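Structural description and commentary
Chain residues, written in single-letter form:
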Amino acid sequence: MTQPHKTTYREAARAALREALARDPRVFLIGEDVGRYGGTFAVSKGLLDEFGPERIRDAPLSESAFVGAGIGAALGGMRPIVEIMTVNFSLLALDQILNNAATLLHMSGGQFQVPLVIRMATGAGRQLAAQHSHSLEGWYAHIPGLRILAPATLEDVRGMLASALLDPDPVLIFEHAGLYGMEGLLAADAGAVEIERAALRRRGRDASVICYGGMLPKALAAAAELAREGIEVDLLDLRSLRPLDTAALVETVSRTHRALVVDEGWRSGSLSAEVVARIQERAFYELDAPLARLCTAEVPIPYARQLEEAAIPQAEDIAKSVRRLVGKPDASPPTPFERAQRGAPDA
Amino acid sequence: MSAESRAAADDRARLLEQMLRIRRLEEKCAELYSAGKIRGFLHLYIGEEAVAVGVMDCLRTQDAVVATYREHGHALARGISAESILAEMYGKQQGVSRGRGGSMHLFDASTRFYGGNAIVGGGLPIAVGLALADSMQKRECVTACFFGEGAVAEGEFHESLNLAALWKLPVLFCCENNLYAMGTALARSHSQTDLCLKAASYAIPAWPVDGMDVLAVRDAARRALLAVRAGGGPAFLELRTYRFRAHSMFDPELYREKAEVELWKQRDPIAQLRAALVEEGRLGDADWEALEAAVAGELAGAVAFAEAAEFEPLEDLLRFVTSEPGAREGAPR
């Protein structure tokens, strides 16, 4: 049966876990509430019944210990998948991720590989306030020794895990919490996808929009709106935040000569800054306009709905930024994001 | 002399030799540091030799070891050659970690020696994971995890002991209580200074041990390992010991009295065992001189090896950040 079936990002993530567990006895899942509770975001629901408590391991609230245990188990020949509830909680395990997972291979002179996969939810949009909503994947992308993935589609959340498990080195997969409910069609034989390259989600000649993760659906919506106005966007989904697919950046900019980088992380010292820097290093003479960025307001994500929405770039903000980038007049009133950023230093 | 007591005496001579090898290696390291041959941080194990030697003597080849940044002694006692240890400190590619780790990061896959960890407490979760992997793969191995009493103040200590006990994992937690976390005395950093109580609060059997007596250490480790190997979950040893030298080569030792150091030196683990063997007439001056000569010969060879070893070419700098091609889906270790 190859008929595509309707599914969600959450179900696709679960299907990926189920397949990984069924395929390789060395694979197991550790995390807070992954078993009896079924996963904070219900991704691992039902897996405990299917695979048992030995392989679906509920961990105490000890991020550092269970991430470190994942590292140790990987060193010991297993293929652990560690789930961390949110990227904010991953900071409690940052010591293990940076000082051990990312470092052991090099520090041991190539002797000890750490084939570990860490999955975690990232991003805002659910009124969970300033300790559950940040987008810190750009920080992790700073660290040599890690591979950082950001699945933004059903195919990618279904297929990146299998490829990550084949990597002999640590891989962090950032699932955007706002995408878990996203519905769509997925081929029945959907499986492993390559994890090295960015993907062009839409082809256009007027401007490049470069984004990843939770910003992709917003960028797609903006691109559809812009197409109705006659502006064709080349939409690049980074997919892999480390390593970055620099060739794809150069390629899209060489086609459009203008680019907007959209990043749910904060702007200062961000992944978007890295993308912009690489484009100007490698494709400066292709540019017809200054590179533009659209990032989350530099504020801890607030609870109140209207404030949270105004802190995060929305589809209309992406559309407006592209209009500005291509020099198209835009008489629409300021968006909540624009209004909220007024008066910000160097906004 | 019965065959049995002769065997026991030989056995003690072996422990004495192991401790002496560590002592002389560390003295050589200090000398080489002063000569500028070794750089970075250098933490010497002098005074604490009985701990590593006593515990390692009870481990099997297939067991795993996780140690700290004061780990030259553990590495040597685990069977890593003095050559590759010294070459590592010289920063040479024949070093045990190809010169990428230095004194604080000795690693060796062939003896399952997982560092050489310089984030205090950071090795404990790794030890839990190694034991988890062994347990899930039904391998009859134990992971011996060494750390200082300073690590007991870290959250990772508490998280790891809880997890190891909860999942009944085969870990031998070896707390080397040398009374000072760098320069901060135990009583200045712990509201509860009875460390065994802390381990016991996680339902882990815990014993305080005289860490200056290699036989006591070995007996305790043996007893604890019996229980761990029988599937009883982790065990905890508080090995009461003392570092005779400064914390590192940069430490002016303002935080402790010279008299205190002298007092502990009277309990030198090497001198004690030597005296016992001499007293029993089992170790003569000639035996001791032969032992010293053998160790000196080994170390001279190791220094020559490290001197002659090569620095890794600059072109190799970026190697091993990620695995090299061909390592994909590499054989499980």
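Here is what the cut-offs are and how they apply
Residues numbered from 1 in each chain as written. Chains lettered and ligands numbered in written order. Predicted model: local features only at pLDDT ≥ 70, side-chain atom pairs only at ≥ 80, totals over all residues. Helix = DSSP H or I, 4+ residues; strand = E, 2+ residues; numbered from the N terminus. Rg over C-alpha atoms; globule rule 2.2 N^0.38 Å. Buried ≥ 20, exposed ≤ 12 C-beta atoms within 10 Å, placed from the backbone. Pairing = 2+ DSSP bridges. Axes fitted to C-alpha atoms, helices over the stretch in contact; angles between N-to-C directions. Contact = placed C-beta atoms within 7 Å. Expected span 1.5 Å × (residues − 1). Core = buried A, V, L, I, M, F, W, Y, C linked by C-beta atoms within 7 Å. Domains from an automatic or database assignment. Arc of directions from axis to C-beta. Right-handed = clockwise from strand over helix to strand, strands pointing away. pLDDT = per-residue confidence, 0-100. Parallel < 35°, antiparallel > 145°, perpendicular 65-115°, else oblique. Left-handed = near helix turned anticlockwise from the far one by under 90°.

What chain B contains, in helices and strands, is 12 helices and 8 strands. The globule rule puts the C-alpha radius of gyration for 333 residues at 20 Å, and the 20 Å found for chain B is close to it. Oriented by its inertia axes, the alpha-carbon framework of chain B measures out at about 60 × 50 × 50 Å. Looking at chain B residue by residue over its 333 residues, the buried ones come to 50%.

Moving on, we get to the sheet that holds strand β7 (residues 206–210) of chain B. Residues and elements named next belong to chain B. Taking strand neighbours across the sheet as the criterion, the 6 strands line up as β2-β1-β3-β4-β8-β7 in an open arrangement whose pairing is parallel. Of all the strands in the sheet, the pair left with one neighbour each is β2 (113–116) and β7. On average, each strand axis in the sheet is tilted by 15° relative to the strand beside it, whichever way the strands run. The pairing of strand β1 (residues 64–67) with strand β3 (residues 143–148) spans 3 bridges and is classified as parallel. Bridging from a neighbouring strand, Val 65 pairs with Ala 144 of β3. Packed on one face of the sheet, helix α5 (residues 123–136) meets β1, β2, β3 and β4 (171–177) and runs near 170° to β3.

Let us look at the interface of chain B and chain A. If you look at the interface, chain B gives 39 residues, while chain A gives 35 residues. Elements with a minimum of two residues in the side of chain B that touches chain A: α5 and α6 (155–166) of chain B. Per-element accounting of the side of chain B that touches chain A gives the leading share, 10 residues, to α5 of chain B.

Bringing helix α1 (residues 9–23) of chain A into the picture now. Given 3.6 residues per turn, any residue in an α-helix points the same way as the ones three and four places further on. Along its 15 residues, α1 of chain A runs 21 Å from first to last C-alpha, staying within 8% of the 21 Å computed at 1.5 Å per residue. Listing the buried residues of α1 of chain A in full gives Tyr 9, Arg 10, Glu 11, Ala 12, Ala 13, Arg 14, Ala 16, Leu 17, Ala 20 and Leu 21 of chain A.

In globular proteins that are soluble, nonpolar side chains generally tend to be buried together. Of all hydrophobic cores here, the largest spans 199 residues; its most connected members are Val 209, Ala 219 and Val 322 of chain A together with Val 128, Cys 145 and Leu 172 of chain B. Ranked by residue count, the leading element in this core is α5 of chain B, at 9 residues. When residues of this core are assigned to domains, at least three map to each of domain 1 (5–186) and domain 2 (199–341) of chain A. Membership of the second largest hydrophobic core comes to 7 residues, among which are Ala 124, Ala 297, Ile 312 and Phe 337 of chain A.

Here we come to the domain arrangement of chain A. Residues and elements named next belong to chain A. Per the domain assignment, the segments of chain A are domain 1 (5–186) and domain 2 (199–341). Between the C-alpha centres of domain 1 and domain 2 the distance comes to 27 Å. If you look at the interface, domain 1 gives 25 residues, while domain 2 gives 24 residues. For the side of domain 1 that touches domain 2, the elements supplying multiple residues, two or more each, are α7 (137–140), β6 (147–149) and β7 (171–176). Among the elements that make up the side of domain 1 that touches domain 2, the one with the highest residue count is β6 (3 residues).

Once that is clear, we can look at the sheet that holds strand β4 (residues 79–86) of chain A. Residues and elements named next belong to chain A. Strand order in the open sheet formed by 7 strands is β3-β2-β4-β5-β7-β6-β12, and the pairing between neighbours is mixed. Every other strand in the sheet has two partners, leaving β3 (56–58) and β12 (240–242) as the edge strands with one partner each. In this sheet, neighbouring strand axes are inclined to one another by 20° on average, regardless of whether the strands run parallel or antiparallel. The strands touched by helix α3 (residues 63–75) are β2 (27–31), β4 and β5 (117–122); relative to β4, the strand with the most contacts, the crossing angle is about 160°.

Moving on: the pairing of β2 of chain A. Residues and elements named next belong to chain A. Here β2 lies mainly inside the structure; 5 of its 5 residues are buried. A two-sided burial pattern is seen for β2, the buried positions comprising Val 27, Leu 29 and Gly 31 on one face and Phe 28 and Ile 30 on the other. Alignment of β2 against β4, held across 5 bridges, turns out to be parallel. When the bridges of β4 are listed, Ile 30 appears paired with Val 82. Relative to β3, β2 is paired through 3 bridges, and the arrangement is parallel. The partner of Gly 31 across the bridge, within β3, is Asp 58.

Now for unusual backbone geometry. Cis rather than trans, the peptide bond between Arg 242 of chain A and Pro 243 of chain A has omega equal to -5°. One non-glycine residue, Asp 33 of chain A, adopts positive backbone phi at about 60°. With phi around 65°, Ala 203 of chain B is a residue other than glycine that occupies positive phi space. Along the chain, Ala 203 of chain B turns up in the loop between α8 (195–200) and β7.

What follows is about helix α10 (residues 246–256) of chain A. Residue and element names in this part refer to chain A. Residues Ala 248, Leu 249, Thr 252, Val 253 and Thr 256 constitute the buried set of α10. What you see down the axis of α10 is that its buried residues fit within an arc of 125°, all on one side. Along its buried surface, α10 packs onto β10 (207–211), β11 (233–237), β13 (259–266) and α11 (271–283). A positive backbone phi angle near 70° is found at His 257, which sits one or two residues after α10.

The next subject is the pairing of β11 of chain A. Each regular strand shows side chains that alternate between the opposite faces of the sheet. All names here are of chain A. Across the 5 residues of β11, 5 count as buried, placing the element largely inside the fold. Residue alternation in β11 divides its side chains into two sets, Val 233, Leu 235 and Asp 237 and Asp 234 and Leu 236, and both sets are buried. Sheet analysis places strand β9 (residues 199–202) next to β11, joined by 3 bridges and oriented antiparallel. Opposite Arg 202, over in β11, you have Leu 235 as the bridge partner. Where β10 lies against β11, 5 bridges are found, and the strand directions are parallel. Paired with Ser 208 across the bridge in β11 is Asp 234. A crossover connection joins β10 to the parallel β11 through helix α9 (residues 215–228); in handedness this β-α-β unit is right-handed.

Moving on: the confidence of the model for chain B. Residue and element names in this part refer to chain B. Residues at a pLDDT of 70 or more form 95% of chain B, whose mean pLDDT is 95. For residues 328–333, every residue scores under 50 in pLDDT, and the model assigns this stretch 11 contacts once sequence neighbours within four places are set aside. For this predicted complex, the interface confidence reaches an ipTM of 0.95, while the overall pTM sits at 0.96.

Looking now at the packing of α9 of chain A against helix α13 (residues 315–325) of chain A. Residue and element names in this part refer to chain A. Between α9 and α13, the shortest axis-to-axis distance is 8 Å and the interhelical angle comes to 50°. The orientation of α9 with respect to α13, classified from their angle, is oblique. The two elements α9 and α13 meet at a crossing, and its hand is right-handed. Residues Lys 218, Ala 219, Ala 221, Ala 222, Glu 225 and Leu 226 of α9 pack against Ala 315, Ile 318, Ala 319 and Val 322 of α13.

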